[in-house]
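In case you want the letters, here they are:
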Amino acid sequence: MRASEALDVAAVRARFPALARPLAYLDGPGGSQVPEDVIEAIGACLRDANSNLDGAFATSTAATAIVARAREAAARFTGSAPEEIAFGPNMTTLNFLLAHAVARTLAPGEEIVVTDLDHDANVSPWLIVAADHDLVVRHAPIRTEDGTLDEDALEGLLGPRTRVVAFTLASNALGSIPDAARIAAAAHAAGALAWADGVHLAPHRPLRRAELGLDVLLCSPYKFFGPHAGVAAIRRELAETLPADRVRPASEDPPGHRFETGTQSHEALAGTTAAIAYMAGVGYDAIEAHETALAGRFLDGLARVPRVELYGIRGVEGRTPTFCLNVGGLDPRHVTTELAAAGIQAWDGDYYAPGPMRALGLHDRGAVRIGLLHYNTDAEVDRVLSALEAVARAA
Ligand SMILES: Cc1ncc(COP(=O)(O)O)c(C=O)c1O
């Protein structure tokens, strides 16, 4: 199937001003472009509702409504209730804050399980709170042959002292999608919280916090066609009971709100609502079908390119269209510089995911990452394959 049969990609692209430029944006896992609706919502907020909340006057009423709408939208998007949503500047900051809160409820010697598949934003907060509170951190490995999380090994780390199992819903380095329902069930069977990083999965698949049994789920709107912001969905009972650092006059209601310190970026919340509406309009079925076709085209083409090695899952199943590559043994920065000269935007490095990179022996130089989103095209896939081939041949 050609990717264009699954989605009217020309109509999608027409909504993104940035995509009119003659660049191939294959840097999606680092951050996506935004549709005009999102830009307009941010501008409208700053133009018409630039005020703090809960005042008696018009702009304040409008700002208060913007935040309430964002909370409802984020709840729908994460499979949660509005009162379970906390906003923040980004996922990492929210996760540090929430990890500190949980750690204050734990006793020395209690255990946290993290994974070698995760972005460091769901590892370092746990290492730091463990050092502060004398907790033990256990690391679940990946299977290096295909870059997937070893769920059996993870389950083997769980025991009566496990309190948190922190894991990713998809790897931003390799694209692998672990079995979240299985991990959440195992965490709960051990009496632990299931704590998921949904940042990389969000532009590709629906986030289903309640359905998967996740206690905490975090994501970042700038990865799913919105502005820079962070969203945490926290199971209500947990949000009500975790200790939260608050200034005394701040409301404790709704419970998720307890973790919002100070004034949020209202304009980013307006943009987040617009990004979620955009996603709902396109629909995850169309997104998944289009991305799977793009991924198949990329993988088929890659198999014919000499001297390029793929790390991770070889097929289209169980993954996002995020590909980690060794190109001709070249320095990854050289490769992405050559791609940039050909108008192709792609990342190199460790993508702040030292776990999988170390496991694959890539921690010194990193690798090249080609990250596709639903606004990418068959032509862009062909273009990057040709460019990779040219760079590898010149090596
Ligand atoms: C999988 C994953 N988790 C967490 C983060 C951190 O998100 P933020 O930049 O919102 O702190 C990123 C950012 O690249 C990511 O890809």
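By convention here, each chain's residues receive numbers from 1 onward along its written sequence. With pLDDT at 70 or above as the cut-off, local features in this predicted model cover only qualifying residues; side-chain atom pairs require 80 or more to be listed or tallied, and sums for whole chains, interfaces and linings still use all residues.

**So, the overall build of the chain**
Here is the rule: Here a helix means four or more residues in a row that DSSP labels H or I, a strand means two or more in a row labelled E, and each is numbered from the N terminus. Here the globule rule reads 2.2 Å times residues to the power 0.38, and the radius of gyration is calculated from C-alpha atoms. To assign burial, the other C-beta atoms lying within 10 Å of each residue's own C-beta are counted, with C-beta atoms placed from the backbone; 20 or more indicates buried, 12 or fewer indicates exposed, and intermediate counts indicate partly exposed. We call two residues in contact when their backbone-placed C-beta atoms lie within 7 Å.
Along its length, the chain carries 14 helices and 15 strands. The C-alpha atoms of the chain give 21 Å as radius of gyration, which agrees with the globular expectation for 395 residues (21 Å, within 12%). Principal axes of the C-alpha set define a box for the chain whose edges measure 65 × 55 × 30 Å. Counting over 395 residues, the chain shows a buried share of 51%. Intrachain contacts of the chain at a sequence separation of at least 6 include 72% that bridge at least 24 residues.

**Overview of the environment of Cys324**
Positionally, Cys324 belongs in strand β12 (residues 322–327). Residue Cys324 is classed as buried on the basis of its C-beta count, with 27 C-beta atoms lying within 10 Å. Put simply, Cys324 and Glu237 are 87 residues apart on the chain and 39 Å apart in space, counted from C-alpha to C-alpha. Excluding residues that lie within four positions of it along the chain, Cys324 makes contacts with Ala173, Leu174, Tyr311, Gly312, Ala367 and Arg369.

**Focus: the nonpolar core**
Here is the rule: A set of buried residues drawn from Ala, Val, Leu, Ile, Met, Phe, Trp, Tyr and Cys, joined through C-beta atoms within 7 Å, is what defines a nonpolar core. An automatic or database domain assignment supplies the residue ranges for each domain.
By size, the foremost hydrophobic cluster in this structure holds 124 residues, and its most contacted members are Val165 and Ala232. Per-domain counts for this core show at least three residues from each of domain 1 (3–33 + 283–394) and domain 2 (39–280). Among all residues touching Ala232, those that are not within four sequence positions of it are Ala86, Gly88, Leu94, Leu98, Val216, Leu218 and Phe259.

**Focus on the packing of helix α3 (residues 58–78) against helix α10 (residues 266–282)**
The line we're drawing: The angle between two axes is taken between their N-to-C directions and runs from 0 to 180 degrees, where each axis is a line fitted to C-alpha atoms and a helix contributes only its stretch in contact. Here roughly perpendicular refers to angles of 65 to 115 degrees, roughly parallel to angles under 35, roughly antiparallel to angles over 145, and oblique to all remaining angles. When the near helix sits turned anticlockwise from the far one by under a right angle, the crossing is termed left-handed; a clockwise turn instead gives a right-handed crossing.
The interhelical angle for the contact between α3 and α10, taken along N-to-C directions, is 40°, at an axis separation of 8 Å. One finds that α3 runs oblique with respect to α10. As α3 packs across α10, the resulting crossing turns out to be left-handed. For the pair α3 and α10, the contacting residues are Ala63, Ile66, Val67, Arg69, Ala70, Ala73, Ala74, Arg76 and Phe77 in the first and His266, Leu269, Ala270, Thr272, Thr273 and Ile276 in the second.

**Details of the domain arrangement of the chain**
Many analyses report the size of an interface as the accessible area lost when the parts associate. What counts is decided by this rule: Residue polarity is assigned by list, with Asp, Glu, Lys and Arg as charged and Ala, Val, Leu, Ile, Met, Phe, Trp, Tyr, Cys and Pro as nonpolar; anything else, Gly included, falls into the polar class.
Split into domains, the chain comes out as domain 1 (3–33 + 283–394) and domain 2 (39–280). Each of domain 1 and domain 2 has a C-alpha centre, and these two points are 26 Å apart. If you look at the interface, domain 1 gives 28 residues, while domain 2 gives 31 residues. Every element with two or more residues in the side of domain 1 that touches domain 2 is listed here: α11 (284–303), β12 and α13 (354–359). Of the residues belonging to the side of domain 1 that touches domain 2, the class tally is 17 nonpolar, eight polar and three charged.

**Description of the environment of Ser32**
Looking at the secondary structure, you find Ser32 in the loop between β1 (24–25) and α2 (36–48). Since 24 C-beta atoms lie within 10 Å of it, Ser32 is described here as buried. Along the sequence, Ser32 and Asp116 sit 84 residues apart, while their C-alpha atoms lie 25 Å from each other. Not counting residues within four places of it along the chain, the set of residues in contact with Ser32 comprises Pro203, Tyr222, Lys223, Phe224, Phe225 and Leu373.

**So, unusual backbone geometry**
For the peptide bond that leads from Asp253 to Pro254, omega is 0°, which places it in the cis range. Note on placement: Pro254 falls in the loop between α9 (236–241) and α10. Non-glycine residue Asp54 carries a positive phi angle of around 70°. Inspection of the secondary structure assignment puts Asp54 in the loop between α2 and α3.

**Thoughts on the pairing of strand β15 (residues 367–371)**
The condition is simple: Two strands are said to pair when DSSP picks up at least two bridges between them.
Extensive coverage of β15 is indicated by the burial of five of its five residues. Burial along β15 is two-sided: the face carrying Ala367, Arg369 and Gly371 and the face carrying Val368 and Ile370 are both buried. Across four bridges, β12 lies against β15 in antiparallel orientation. Bridged to Cys324 within β15 is Arg369.

**Describing α3**
Note the cut-off: Helix span, expected: 1.5 Å multiplied by one less than the number of residues in the helix.
With 21 residues, α3 ought to run about 30 Å at 1.5 Å a step, and its terminal C-alpha atoms sit 30 Å apart, in line with that. Restricting attention to buried positions, one finds in α3 the residues Ala63, Ile66, Val67, Ala70, Arg71, Ala73, Ala74, Ala75, Phe77 and Thr78. On its buried face, α3 sits against α2, β2 (85–88), α8 (209–212), β9 (216–219), β10 (230–234) and α10. Positive phi appears at Gly79, one or two residues downstream of α3, with a value of about 70°.

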